[in-house]
Amino acid sequence: MRSHMFTTLVIVALGCLGSAGVGHAGEASVLDVQVRANEDGTYAFTATVSHRDEGWSHYADKWEVLSPTGDILGTRTLYHPHVDEQPFTRSLGRVEVPIGITSVTLRAYDNVHGAGTRTFTVDLPPRK
């Protein structure tokens, strides 16, 4: 009986170790943000994102612009892994931000963990 329990525990432990590789790349993080006001009253954002992309099975797949209350104002979809380009920078233009909002937060996601915990909050320049 003891031998069977020990074997079962070893199998369970090995299974956990095998699944530890899932998510090895960690969460996506926003490292830096540049923002500019466009002539039409919208904003353009350029975000630098870091994630140890491992290929199609685990990669940073988007970042979002969020209002102070958490409303999604814009989404930049990332259509492929950036295994050999880390960190990487991508832009999103013409984001409509409601009047009265003076800062926004950018949050990156990956296709395994979802939302990353390292976000970046930036003050908005005056509208043109």
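These figures come from a predicted structure and were not determined experimentally.

Caption draft 1: The arrangement of the pairing of strand β4 (residues 72-77) in detail. Where strand β3 (residues 60-66) lies against β4, five bridges are found, and the strand directions are antiparallel. Following the sheet pairing, Lys62 is matched in β4 by Thr77. Where β3 hands over to β4, the hairpin turn is made up of five residues, of which Gly70 adopts a positive phi near 95 degrees.

Caption draft 2: Structural context of the nonpolar core. Membership of the largest hydrophobic core comes to 23 residues, with the highest contact counts inside it found for Phe45, Trp63, Val65, Val104 and Leu106. Of all elements in the fold, only β1 (29-37), β2 (43-50), β3, β5 (88-95) and β6 (103-110) reach the threshold of two or more residues within this core. When residues no more than four places from it in sequence are discounted, the contact partners of Leu106 are Val30, Val33, Phe45, Ala47, Trp63, Glu64, Val65, Thr119 and Phe120.

Caption draft 3: Local environment of the sheet that holds β5. Strand order in the open sheet made by the three strands is β1-β2-β5, with antiparallel pairing throughout. Two strands close off the open sheet at either side, each with one partner strand: β1 and β5. The sheet shows a mean angle of 20 degrees between the axes of neighbouring strands, direction not considered. Where β2 and β5 come together, six bridges link them in antiparallel fashion. Within the sheet, the bridge partner assigned to Phe45 lies in β5 and is Leu92.

Caption draft 4: Looking closely at the confidence of the model for the protein. Summarising the model, the protein shows a mean pLDDT of 82, and 80% of its residues fall at 70 or more. Note that pLDDT drops below 50 for residues 1-23; the model gives that stretch four contacts with residues more than four away or on any other chain.

Caption draft 5: Representation of the pairing of β6 in the model. Within β6, seven of the eight residues are buried, which leaves it mostly tucked inside the rest of the structure. Where β3 lies against β6, six bridges are found, and the strand directions are antiparallel. Bridging from a neighbouring strand, Glu64 pairs with Arg107 of β6. One ladder, built from four bridges, connects β6 with strand β8 (residues 120-123); its direction is antiparallel.

Caption draft 6: Local environment of the packing of aromatic side chains. In the structure shown here, the tally under the stated rule is one aromatic pair. Pairing Trp56 with Tyr59 gives two aromatic rings, centres 5.6 Å apart and planes at 80 degrees, and the pair type is edge-to-face. A relative accessible area of 59% means that Trp56 is categorised as exposed. Geometry around Tyr109 places Lys62 over its ring, the cationic atom sitting 4.4 Å from the centre.

Reading guide: rules and limits
Residues numbered from 1 in each chain as written. Predicted model: local features only at pLDDT ≥ 70, side-chain atom pairs only at ≥ 80, totals over all residues. Heavy atoms only, no water. Pairing = 2+ DSSP bridges. Helix = DSSP H or I, 4+ residues; strand = E, 2+ residues; numbered from the N terminus. Core = buried A, V, L, I, M, F, W, Y, C linked by side-chain atoms within 4.5 Å. Buried < 20%, exposed > 50% of the residue type's maximum accessible area, 1.4 Å probe, protein only. Contact = heavy atoms within 4.5 Å. Axes fitted to C-alpha atoms, helices over the stretch in contact; angles between N-to-C directions. pLDDT = per-residue confidence, 0-100. Phe/Tyr/Trp six-rings, centres within 6.5 Å; stacked < 30°, edge-to-face > 60°. Lys NZ or Arg CZ within 6 Å of the ring centre and 35° of its normal.

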